[in-house]
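Structural characterization, general
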Amino acid sequence: TLNALNTDLSTESKLQDRNALYPSFGYLYPEGTKELRKVWNETTVRAALEPYSKYLSLFDQVKQFYEADTGGSADMSAKG
């Protein structure tokens, strides 16, 4: 999800391609995966992860890492 933000995979025409990459198993499946399929920016990713405190914490840690690594920019797509 994060790697697809601000790329052509986050455009409406490519959402079906991006959504095909999500697994149909795991702790987030099915409700969390359903919500992640709808996201288009960091705010909506965070909202989708709010019911999952461990994943939300991990998201925040990764975001802080990318912000520190890029000099404060929150654009996580720059790392690929």
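Along each chain, the written sequence defines residue order, and numbers are assigned to residues from 1. Local features are withheld for residues below a pLDDT of 70 in this predicted model, meaning they are given only at 70 or higher, and side-chain atom pairs are given and counted only at 80 or more; totals for whole chains, interfaces and linings count all residues. Excluding hydrogens and water, the side-chain values take into account all heavy atoms of the structure.

Quick look at the layout of surface pockets now. Think of a 1 Å grid over the protein atoms and nothing else: a 1.4 Å probe that fits but is trapped marks a cavity, an open set flanked by protein within 12 Å on at least five of seven lines marks a pocket, and residues with an atom within 4 Å of a point count as lining. Grid points are joined across faces, edges and corners, and a volume is the space filled by probe spheres set on the points. Looking at the largest pocket, its volume works out to about 180 Å³. What lines the largest pocket is Thr-1, Leu-2, Leu-28, Leu-36, Val-45, Leu-49, Tyr-55, Leu-58, Phe-59 and Val-62. Labels follow the DSSP assignment, with helices taken as runs of H or I lasting at least four residues and strands as runs of E lasting at least two, numbered in each case from the N terminus. Within the residue set of the lining of the largest pocket, elements represented by two or more residues are α3 (42-49) and α4 (53-69). Broken down by element, the lining of the largest pocket gets its largest block of residues, four residues, from α4. Throughout this entry, Asp, Glu, Lys and Arg are counted as charged residues, while Ala, Val, Leu, Ile, Met, Phe, Trp, Tyr, Cys and Pro are counted as nonpolar. The remaining residues, Gly among them, count as polar. A breakdown of the residues in the lining of the largest pocket according to their chemical character gives nine nonpolar, one polar and no charged.

Here the focus is the packing of α3 against α4. The description of two packed helices rests on the angle between their axes and on the distance between the axes. At a minimum axis separation of 8 Å, α3 and α4 run at an interaxial angle of 155°. Viewed along their axes, α3 and α4 adopt a mutual orientation that is roughly antiparallel. Contacts between α3 and α4 pair Glu-42, Val-45, Arg-46 and Leu-49 from the former with Ser-53, Tyr-55, Leu-56, Phe-59, Asp-60 and Lys-63 from the latter. Taken together, the residues of the contact of α3 with α4 break down into five nonpolar, one polar and four charged. Every axis corresponds to a line fitted to the C-alpha atoms, with the helix fit spanning only the stretch in contact, and the corresponding angles, defined between N-to-C directions, vary from 0 to 180 degrees. Angles below 35 degrees are treated as roughly parallel, those above 145 as roughly antiparallel, those between 65 and 115 as roughly perpendicular, and all remaining angles as oblique. Note on definitions: a residue-residue contact is assigned when non-hydrogen atoms from the two residues lie within 4.5 Å.

Before going further, it helps to spend a moment on the nonpolar core. Nonpolar cores are built from buried Ala, Val, Leu, Ile, Met, Phe, Trp, Tyr and Cys residues. Side-chain atoms within 4.5 Å join them into one set. For every residue, the accessible area obtained with a 1.4 Å probe (protein chains only) is divided by the maximum for its type, and the residue is called buried under 20%, exposed over 50%, and partly exposed between those limits. With 11 residues, the main nonpolar core is built from Leu-5, Tyr-22, Leu-28, Leu-36, Val-39, Val-45, Ala-48, Leu-49, Tyr-52, Leu-56 and Phe-59. For this core, the leading source of residues is α3, giving three residues.

Our focus in this paragraph is α4. Take the residue count of a helix, subtract one, and multiply by 1.5 Å to get its expected span. Given a rise of 1.5 Å per residue, 17 residues ought to cover 24 Å, and the 24 Å separating the end C-alpha atoms of α4 matches this to within 8%. Those residues of α4 lying buried are Leu-56, Phe-59 and Tyr-66. Viewed along the axis of α4, the buried residues span an arc of 85°, placing them on a single side of the element. Across from the buried face of α4, at angles greater than 90 degrees, the exposed residues are Ser-53, Lys-54, Gln-64, Phe-65 and Ala-68. The directions from the helix axis to the C-beta atoms form the arc being described.

Attention now goes to the environment of Val-45. Relative to the helices and strands, Val-45 resides in helix α3. Sequence separation of Val-45 and Thr-1 is 44 residues, and the distance between their C-alpha atoms is 8.0 Å. Other than its neighbours up to four places away in sequence, Val-45 contacts Thr-1, Leu-2, Leu-5, Val-39 and Phe-59.

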